[in-house]
Amino acid sequence: IASDSGASAPSPIALTNVRTGLGADAIATALIENLYCLLGKLPQHATRNDWYMCLAYTVRDRMMERYVATLASITETNTAAKAVAYLSAEFLTGPHLGNSLVNLGIWQAVEEALSRVGQDDLSSLLDQEEEPGLGNGGLGRLAACYMDSLATLNVPAIGYGIRYEFGIFDQAIRDGWQVELTDKWLRFGNPWEIVRSEITFDVKLGGRTEPYYDEAGRYRMRWLSEKVVKGVAYDTPVPGYRVPTTNLLRLWKAEAAESFDFEAFNVGDYYRAVDEKIASETISKVLYPNDEPEAGKQLRLAQQYFFVSCSLQDMIRLLIMRGKPLDEFHSYWAAQLNDTHPSIAVAELMRLLVDEHAMEWDQAWAITQQTCGYTNHTLLAEALERWPLPLFARLLPRHLEIIYEINRRFLNDIRLRYPGDDQLLQRLSLIDEAGGKHMRMAHLASVGSHAINGVAALHTELLKQTLLSDFHRVAPEKFFNVTNGVTPRRWIALSNPNLSALITRKIGDRWLADLEHELEHLEPLAIDGDFQKEWQAIKADNKRVLAGLIKERTGIIIEPHSLFDIQVKRLHEYKRQHLNVLYLVTLFNKLRRVSSAAEIPRTVIFGGKAAPGYRMAKLIIKLINSVAAAINQDPVVSQVLKVVFLPDFNVKTSHHVYPAADLSEQISTAGKEASGTGNMKFAMNGALTIGTLDGANVEIRDAVGHENFFLFGLTAAEVERLKAEAYTPRSIYDSNAELREAIDLISSGFFSNGDRGLFQSLVESLITRDDYMLLADYQAYVECQQRVSQAYSDQNAWTRMSILNCARVGRFSSDRSIREYCRDIWNVRPIVPDER
Ligand code: GPW
């Protein structure tokens, strides 16, 4: 076993070292050494998980040098670099191992090293990793893509969030229904994190406030809390793609504060102390599984405040470590609020500066506004965070006072600028006075930030015109659009390695680091017959892999040559999975009537979780599975149509899904999906989109060319107009025979063993309210799907469109998004660690 020399050397460790060397030799030696030293095993006794763990440690070792250097640049006294603090309640990173191998450029060396130690199957080790499901869907995954891009662009950054003990639940399907299972992702340990037991902060909760005079005779407030919890930092390195920067994700775990008296003499006190400990730890126990949140849960507010307070205290600590004065906080930190979940940061930063560090209000306020930026991710009214005032006051009494003061000053200012407009004041107020009083977190975030952005062009326009129109009126200069993006490292290189190799063979290897400028070099190849063949062969391979996975997970056998038509995303009425189902039932009816000989064979694949308390979403899952069962067992129809619900859709399984898609379903009601990001992942992997003019679909269609995109449905403006004119879905039901036949078949109990009641609430809501306008878009959708089938029957034309979709979506790299944040919102510049 090689020895680790130079442990005390101050200079960088030699690159050939067993802990850092990137060659197969060093890695092979390190594997055996880590197996022995960290896991206490000899190779002949190692299980697959042992090999995974020692490989993970071996890879992590190789990030440490860059991680330490990058961290130094955020802590050293003589650096002028501003860093980004990305505050997010969710980071849906997905498995780390494969991504680390891609970004460090050691995939082949690791394969070689593994074979030298008798392990020939890297993919089975990759499979071994439990993914950290610390997010629900798009918002959490976006945060992970942005962390990858920040590091890749050499922008120093810390992602701050919560180390949930239980992430998003695992989904099982029993009798067609979703069943939730707890996600014990830490069960076998987490080799990617480093606990920083010395980095802890106290977080107060509850109690009351009290005025006092400080030594200088100044009138101040102090917060006498009811309890204190402690946050402990857990760091996960985030390596950039083949660059010197390795940033970090710093997630806070809640523990009992030291101050709790475990040496109590009295037995009763001892048990009380243990109970307190358990209560403290519940704060970071579990991720709330609502994709677009249901508000009003006290523990959720406690989670938000907990991680925000720890993060801001840490940012102040790091600033002080750098020897900078507190009044320069905003020169060294840009804090981005990922939706309103961390928006309590506005009040907490004020509290820390004013109460804890005795800063004057005006100065603290200027610093707070210059530091914070707010990203909005939804216009849906039901997803806007509003806290009942009594609940807020109980948990955060001092913050309530601070917010009242922020509000008083803000509204005063507005009153002077818009005299006599009391309506405007009411609409802008941080407090909603109607009904039971509520705190409007989007207003707090908007007032406390210098920049507010939406996540796609359409979304930002709607944000300015609707949800935040008054804020746009009083402060138009605050508004920006930053269209979302996704990282091509995970979503092409890692999940579609064959496509990746083909692209590199044709246009060189710079595209993964510069997608916006390089990927378009594929365009001329779209009409190259040989290239088309290679492209088709890779898609066919990917489809076979997904077919294998589906067979393994569901027992359903699908035809790899059929058109793979895929809708994977969280279940939500606005995303309209049930519009897809209405089309499937229509197709089913048609295929039972007429010969299916001419039909283009399709496999329609669904995946996604429903919030456990969202009854309609869960019923839609049951409907998909019920319709799937009827179709798949029909001897005639199943020749040309199969329907699959792939259980437990998560980052790991998604690696096999996007690369295998021919058709990407992006069919939300126009105006409802802020951006979507799955739409980008599909297009990058050569899927064509069937979609509405919603979110980033609009920009994707413009980028790939209107002729290479299957558009249908009402526009956002038409949706609003129709709603205003008293939309009557029943008249559409009455007048469209095919639609009526489909809905009636669902009502009849055909898909539910004769149970006419099962889907009644769903059918009822469609015919009577249809909030998401499925019936209004139904005919257009069905006709558009016919155009899809026709197009697919010309494989060469389809392949050309597929190549063009990939070649033209370079701007949906999260690198482009992050460059825009850096330029427009954060005013930060890249810095290579060695030069700092
Ligand atoms: F409600 N999104 C999400 F806006 O995944 F906060 N979870 C959420 O809680 C919210 C939004 C919130 C999604 C949007 O629905 C999707 O359109 C967008 O692409 C994604 O956030 C990233 O911006």
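Predicted, not measured: the structure shown is a model, and the values here were computed from it.

A word on the overall build of the chain
Looking only at helices and strands, the chain features 34 helices and 22 strands. Compactness check: the chain gives a C-alpha radius of gyration of 28 Å against a globular reference of 28 Å for 836 residues, within 12% of the reference. Expressed as lengths along the three principal axes of its C-alpha atoms, the size of the chain is roughly 90 × 75 × 60 Å. For the chain, the residues scored as buried account for 62% of the 836 residues in total. As presented, the chain carries roughly 31300 Å² of accessible surface, and 51% of it is formed by carbon and sulfur atoms. If you average the places of the 89 positive and of the 105 negative side-chain charges in the chain, the two averages end up 1 Å apart.

A look at empty space enclosed by the protein
The final tally for this structure, using the stated rule, is seven cavities of 30 Å³ or more. Of the pockets and cavities examined, the largest cavity occupies roughly 200 Å³. Around the largest cavity, the lining is made up of 16 residues, and of these Thr93, His96, Asn99, Val238 and Arg490 lie nearest the centre. Elements supplying a minimum of two residues to the lining of the largest cavity: helix H4 (97–104), helix H7 (138–152) and strand E8 (227–239). Class assignment for the residues of the lining of the largest cavity results in seven nonpolar, six polar and three charged. Empty space within the second largest cavity amounts to approximately 130 Å³. Surrounding the second largest cavity, 14 residues form its lining, Tyr52, Glu130, Trp185, Gly189 and Pro191 being those nearest its centre. Top element by residues in the lining of the second largest cavity is helix H2 (residues 48–61). It accounts for three residues. By residue class, the composition of the lining of the second largest cavity is seven nonpolar, five polar and two charged. Of the domains in this structure, domain 1 (1–79 + 106–128) and domain 2 (80–95 + 130–384 + 450–481) are the two that each give at least three residues to the lining of the second largest cavity.

Some thoughts on the environment of lysine 324
Its place among the elements puts lysine 324 in the loop between helix H9 (298–321) and helix H10 (329–332). Look at lysine 324 and you get buried, because its relative accessible area is 19%. In this structure, the C-alpha to C-alpha distance between lysine 324 and leucine 762, residues 438 residues apart in sequence, is 59 Å. For lysine 324, the contacting residues outside a window of four places in its chain are Thr77, Thr79, Leu319 and Tyr332.

What about the site of the ligand?
Residues in contact with the ligand amount to 18 residues; listed here are only the nearest, Asp291, Glu292, His377, Glu673 and Gly676. Residue aspartate 291 places a main-chain N or O atom 2.4 Å away from an oxygen atom belonging to the ligand. Here an oxygen atom of the ligand and a side-chain polar atom of asparagine 484 are 2.8 Å apart. Against a free-state accessible area of 480 Å², the protein chains account for coverage of 98% of the ligand. In the shell around the ligand, the residues fall into seven nonpolar, seven polar and four charged. Built from parts of two domains, the shell around the ligand gets at least three residues from each of domain 2 (80–95 + 130–384 + 450–481) and domain 3 (561–795).

So, the sheet that holds strand E21 (residues 688–691)
With parallel pairing, six strands are arranged side by side in an open sheet as E19-E18-E17-E20-E21-E22. The strands lining the two open edges of the sheet, one partner per strand, are strand E19 (641–646) and strand E22 (710–711). Where strand E20 (residues 663–666) and E21 come together, four bridges link them in parallel fashion. When the sheet's bridge partners are listed, serine 664 is paired in E21 with threonine 689.

So, the side chain of glutamine 532
For glutamine 532, the position within the fold is in helix H22 (residues 529–554). Within the structure, the side chain of glutamine 532 is placed 2.7 Å from the backbone oxygen of alanine 526, a separation counted as a polar contact. The residues contacting glutamine 532, other than those within four sequence positions of it, are Ala526, Ile527, Asn796, Thr799, Arg800 and Ile803.

Considering the environment of phenylalanine 606
Counting through the fold element by element, phenylalanine 606 comes out in strand E18 (residues 602–607). Remark: the alpha-carbon pair of phenylalanine 606 and glutamine 567, spanning 39 residues in sequence, is separated by 5.0 Å. The residues contacting phenylalanine 606, other than those within four sequence positions of it, are Gln567, Val568, Gln577, Asn580, Val581, Leu584, Ile624, Val643, Val644, Phe645 and Leu646.

Side note on the pairing of strand E7 (residues 219–224)
Summarising the sheet, strand E6 (residues 208–213) and E7 pair through six bridges and their orientation is antiparallel. By the bridge assignment, threonine 209 is partnered in E7 with tryptophan 223. Count of turn residues in the E6/E7 antiparallel hairpin: five residues, of which glycine 217 carries a positive phi of about 80 degrees.

Notes on the packing of aromatic side chains
Describing an aromatic ring pair means giving the distance of the ring centres and the angle of the ring planes. On inspection of all chains with the given rule, the structure shows 20 aromatic pairs. An angle of 65 degrees between the planes, with centres 5.6 Å apart, marks the rings of tyrosine 146 and tyrosine 821 as edge-to-face. Of this pair, tyrosine 146 sits in helix H7 while tyrosine 821 sits in helix H34 (residues 814–826), and the two are 675 residues apart along the sequence. Relative accessible area serves as the criterion here: at 0%, tyrosine 146 is assigned to the buried category. Here tyrosine 821 falls in the buried class, since its relative accessible area comes to 0%. Taking 4.9 Å as the distance between ring centres and 45 degrees as the angle between the ring planes, the aromatic pair formed by phenylalanine 712 and tyrosine 781 counts as tilted. Taken as a pair, phenylalanine 712 in the loop between E22 and helix H28 (716–724) and tyrosine 781 in helix H32 (residues 774–793) lie far apart in primary sequence, 69 residues in all.

With respect to helix H24 (residues 615–633)
Relative to the 27 Å expected for 19 residues at 1.5 Å per residue, H24 spans 27 Å between its end C-alpha atoms, a close match to the ideal helical length. With 16 of 19 residues buried, H24 lies mostly within the body of the structure.

Considering the packing of helix H30 (residues 737–747) against helix H31 (residues 760–768)
Relative orientation of the contacting elements H30 and H31 amounts to 150 degrees, with a least axis distance of 9 Å. When the interaxial angle is binned, H30 and H31 end up roughly antiparallel. Classified by chirality, the crossing of H31 by H30 is left-handed. Within the contact between the two elements, H30 uses Ile743, Ile746 and Ser747 and H31 uses Gln760, Val763 and Ile767.

Concerning the pairing of strand E1 (residues 83–87)
In terms of burial, E1 is largely enclosed, as five of its five residues are buried. Residues Ala83, Ala85 and Leu87 of E1 are buried on one face, and the alternating residues Val84 and Tyr86, pointing to the opposite face, are buried as well. Where E1 and strand E10 (residues 333–338) come together, five bridges link them in parallel fashion. Among the inter-strand pairings, tyrosine 86 is bridged to a residue of E10, identified as glutamine 336. Pairing analysis gives four bridges linking E1 to strand E2 (residues 157–162), with the strands arranged parallel. Note on E2: the bridge partner recorded for leucine 87 is tyrosine 160.

Structural notes on the domain arrangement of the chain
How big an interface is tends to be expressed through the accessible area that disappears when the partners come together. Per the domain assignment, the segments of the chain are domain 1 (1–79 + 106–128), domain 2 (80–95 + 130–384 + 450–481) and domain 3 (561–795). Its C-alpha centre places domain 1 at a distance of 46 Å from the equivalent point of domain 3.

Criteria and thresholds
- Residues numbered from 1 in each chain as written.
- Predicted model: local features only at pLDDT ≥ 70, side-chain atom pairs only at ≥ 80, totals over all residues.
- Heavy atoms only, no water.
- Helix = DSSP H or I, 4+ residues; strand = E, 2+ residues; numbered from the N terminus.
- Rg over C-alpha atoms; globule rule 2.2 N^0.38 Å.
- Buried < 20%, exposed > 50% of the residue type's maximum accessible area, 1.4 Å probe, protein only.
- Areas by Shrake-Rupley, 256 points an atom, 1.4 Å probe, with all protein chains shown as cover.
- Lys, Arg positive; Asp, Glu negative; His and termini not counted.
- Charge placed at Lys NZ, Arg CZ, Asp CG, Glu CD.
- 1 Å grid on protein atoms, 1.4 Å probe; cavity = no way out; pocket = protein on both sides within 12 Å on 5 of 7 lines; lining within 4 Å.
- Points joined across faces, edges and corners; volume = space filled by probe spheres on them.
- Nonpolar A, V, L, I, M, F, W, Y, C, P; charged D, E, K, R; others polar.
- Domains from an automatic or database assignment.
- Contact = heavy atoms within 4.5 Å.
- Near = heavy atom within 4 Å.
- Polar contact = N/O pair within 3.5 Å; in protein donor to acceptor, adjacent residues only side chain to side chain.
- Pairing = 2+ DSSP bridges.
- Phe/Tyr/Trp six-rings, centres within 6.5 Å; stacked < 30°, edge-to-face > 60°.
- Expected span 1.5 Å × (residues − 1).
- Axes fitted to C-alpha atoms, helices over the stretch in contact; angles between N-to-C directions.
- Parallel < 35°, antiparallel > 145°, perpendicular 65-115°, else oblique.
- Left-handed = near helix turned anticlockwise from the far one by under 90°.

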